[in-house]
Amino acid sequence: MFVDGCFWHYCDEHAHLPKANAALWREKLLANRRRDAANTAVLQSEGWRVVRVWEHDDVREAADSIELELARWTSIVGR
Ligand SMILES: [Zn+2]
């Protein structure tokens, strides 16, 4: 489970670039997003179940999505 911060993970809703060196920041933050996607893909290819929520997500909805994923997993492994 990952909780992605809106700034460092360049959230579409709250992304804002510092005024100084905006182009460099944009490239850095986009690279962070690409790395997030690559890390998710690697983990999933290794059989991990990945849940990503945003810092801005409603806490209850985030907890519900995690609980749902755990319930799915539990039904798969037969506990
Ligand atoms: Zn956000």
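Just above, that's the structure.
Here we summarise the structure given alongside this text. Every value quoted in this text rests on a predicted model; they were computed, and no experiment measured them.

Conventions we followed
Residues numbered from 1 in each chain as written. Predicted model: local features only at pLDDT ≥ 70, side-chain atom pairs only at ≥ 80, totals over all residues. Heavy atoms only, no water. Donors = N, O, S within 2.8 Å, 3.2 Å for Na, K, Ca; no water. Helix = DSSP H or I, 4+ residues; strand = E, 2+ residues; numbered from the N terminus. Buried < 20%, exposed > 50% of the residue type's maximum accessible area, 1.4 Å probe, protein only. Polar contact = N/O pair within 3.5 Å; in protein donor to acceptor, adjacent residues only side chain to side chain. Contact = heavy atoms within 4.5 Å. Expected span 1.5 Å × (residues − 1). Arc of directions from axis to C-beta. Salt bridge = Lys/Arg side-chain N within 4 Å of Asp/Glu carboxyl O. Patch = residues over 30% accessible without salt bridge, like charges linked within 9 Å, V, L, I, M, F, W, Y side chains within 5 Å. Areas by Shrake-Rupley, 256 points an atom, 1.4 Å probe, with all protein chains shown as cover. Lys, Arg positive; Asp, Glu negative; His and termini not counted. Charge placed at Lys NZ, Arg CZ, Asp CG, Glu CD.

### Brief notes about the coordination of the zinc ion
- Only C6 (SG), C11 (SG), H14 (ND1) and H56 (ND1) from the protein coordinate the zinc ion, and they sit 2.0 to 2.4 Å from it.
- Linear spacing of the donor residues for the zinc ion on their chain is C-x4-C-x2-H-x41-H. Residue H14 is found in the loop between strand 1 (2-4) and helix 1 (22-45), and its partner H56 is found in the loop between strand 2 (52-54) and helix 2 (59-77); the two are separated by 42 residues along the sequence.
- Its relative accessible area of 38% is what places H14 among the partly exposed residues.

### What to know about the side chain of D36
- Mapping D36 onto the fold places it in helix 1.
- Only 2.6 Å separates the side chain of D36 from the side chain of H9, close enough to count as a polar contact.
- Setting aside chain neighbours within four positions, we find D36 in contact with D4, H9 and R52.

### Points about helix 2
- For helix 2, which comprises 19 residues, the first-to-last C-alpha distance of 27 Å matches the rise-based estimate of 27 Å (1.5 Å per residue) to within 8%.
- What helix 2 keeps buried is the set A62, I66 and E69. When helix 2 is viewed along its axis, its buried side chains cluster within an angular range of 60 degrees and face the same direction. Facing away from the buried side of helix 2, by more than 90 degrees, are the exposed residues R60, E61, E67 and S75.
- Packing partners of the buried residues in helix 2 comprise strand 2.
- Near the N-terminus of helix 2, the side chain that reaches the backbone nitrogen of R60, with its oxygen 3.0 Å away, is that of D58.
- Looking one or two residues beyond helix 2, the residue adopting positive phi is G78, at roughly 80 degrees.

### Some thoughts on the pattern of salt bridges
- The tally for this structure, following the rule as stated, stands at six salt bridges.
- Here R52 and D4 are joined by a salt bridge, their closest N and O atoms 2.9 Å apart. Taken together, the residues span a long stretch of sequence, with R52 in strand 2 and D4 in strand 1 at a distance of 48 residues.
- The class of D4 is buried, set by a relative accessible area of 5%.
- Put simply, R49 and E69 hold a salt bridge, and the shortest N to O gap is 2.8 Å.

### A short note on a negative patch on the surface
- A surface patch of negative charge is lined by D58, E61, D64 and E67.
- Along the chain, E61 turns up in helix 2.
- The exposed category is assigned to E61, whose relative accessible area is 56%.

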